Amino acid sequence: MHALGRLILGAFALLLAVPAGFVVLVLALLVDPAAQAWLSGGALAGLDMALSDLSAGLPPEGLALFVAGLAKALFVLLFVPPALIGLGGEILGCRGLLWYGAGCGLLTAALPWLTRGALRSGGATRDAALLAGEVRLTLILFVVGASAGLVYWLVAGRGAGRIREADLSEDA
């Protein structure tokens, strides 16, 4: 019975942590000047692509593929880290704020690096501006993950792995 209650509480915590991470991501991207330039350039290029396809009489497949890719990326960045850290916290009995906040932040920030390492492992020379942008994006993703992890901790993490005395007496 205790495991079912923890499962429901964890699902509710994820239900709150994912939108919290999304809100922090949107705010961070709107506040960061480099991200603003990237978003406005990307949005204009995407709008231009969609309008040129529609004016040529082509179906909007490119737009559908873009939306599907964006949804997949947001799922991986916003749902997977709090779910894995929450599951690990339950299994290991970790109740610390540092486990949920820093752990989720580090995992979220590491996901693009791990994905890129798997896709292209070439040691090409790196431009200093590109490297600065990657560091900035990594910091943004750390803050996004940490905020989602902290929301998860507030809802479900403080009691992770803990079996109350009342639960033990019911089993006996």
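This one's a predicted model, so the numbers in the text were calculated from it and none came from an experiment.

Parameters and conventions
Residues numbered from 1 in each chain as written. Predicted model: local features only at pLDDT ≥ 70, side-chain atom pairs only at ≥ 80, totals over all residues. Heavy atoms only, no water. Core = buried A, V, L, I, M, F, W, Y, C linked by side-chain atoms within 4.5 Å. Buried < 20%, exposed > 50% of the residue type's maximum accessible area, 1.4 Å probe, protein only. Helix = DSSP H or I, 4+ residues; strand = E, 2+ residues; numbered from the N terminus. Contact = heavy atoms within 4.5 Å. UniProt positions renumbered as here; feature names shortened; annotations may be inferred. Phe/Tyr/Trp six-rings, centres within 6.5 Å; stacked < 30°, edge-to-face > 60°. Salt bridge = Lys/Arg side-chain N within 4 Å of Asp/Glu carboxyl O.

Enquirer: Describe the nonpolar core, listing the residues and the values that go with them.
Expert: Grouped together as the largest cluster of nonpolar side chains are eleven residues: Leu25, Ala28, Leu29, Ala35, Leu77, Leu78, Ala109, Leu111, Ile140, Leu141 and Val144. Residue assignment for this core shows that the elements contributing at least two residues are α1 (2-31), α3 (61-78), α5 (97-119) and α6 (128-155). Other than its neighbours up to four places away in sequence, Ala109 contacts Thr138, Leu141 and Phe142. Counting residues in hydrophobic clusters, the runner-up holds ten residues, among them Ala148, Tyr152, Trp153 and Ala156.

Enquirer: Break down the side chain of Ser147 for me, citing the residues and quoting the values.
Expert: Residue position: Ser147 is located in helix α6. According to the relative accessible area criterion, Ser147 is buried, its value standing at 17%. Those residues in contact with Ser147 that sit more than four places away from it in its chain are Ala20, Gly21 and Val24.

Enquirer: Tell me about the environment of Glu90, and name the residues and values.
Expert: One can find Glu90 in helix α4 (residues 80-92). You can call Glu90 partly exposed: its relative accessible area is 21%. Along the sequence, Glu90 and Ala156 sit 66 residues apart, while their C-alpha atoms lie 9.4 Å from each other.

Enquirer: Please set out the UniProt feature "transmembrane region" (unreviewed entry) in the protein chain residue by residue, giving values where relevant.
Expert: Mapped onto this structure's residue numbering, the UniProt feature "transmembrane region" (unreviewed entry) falls at residues 7-31, 63-85, 97-115 and 135-155. What you have in residues 7-31 is 100% helix and 0% strand, and the ends, taken at the C-alpha atoms, are 36 Å apart. Counted over residues 135-155, helix gives 100% and strand 0%. Its end C-alpha atoms are 30 Å apart.

Enquirer: Tell me what's going on with the packing of aromatic side chains, and back it up with residues and numbers.
Expert: Applying the stated rule across the entire model yields two aromatic pairs. Ring centres 5.0 Å apart and planes at 20° place the aromatic pair Phe75 and Phe79 in the stacked group. Overall, Phe79 belongs to the partly exposed group, its relative accessible area being 31%.

Enquirer: Tell me about the pattern of salt bridges, residues and numbers included.
Expert: According to the stated counting rule, one finds one salt bridge in the structure shown. Close ionic contact of Asp32 with Arg136 constitutes a salt bridge, the shortest N to O distance being 2.8 Å. Remark: Arg136 occurs in helix α6 and Asp32 occurs in the loop between α1 and α2 (33-55); sequence separation between them is 104 residues. Residue Asp32 is classed as buried on the basis of its relative accessible area, which comes to 11%. The class of Arg136 is partly exposed, set by a relative accessible area of 40%.

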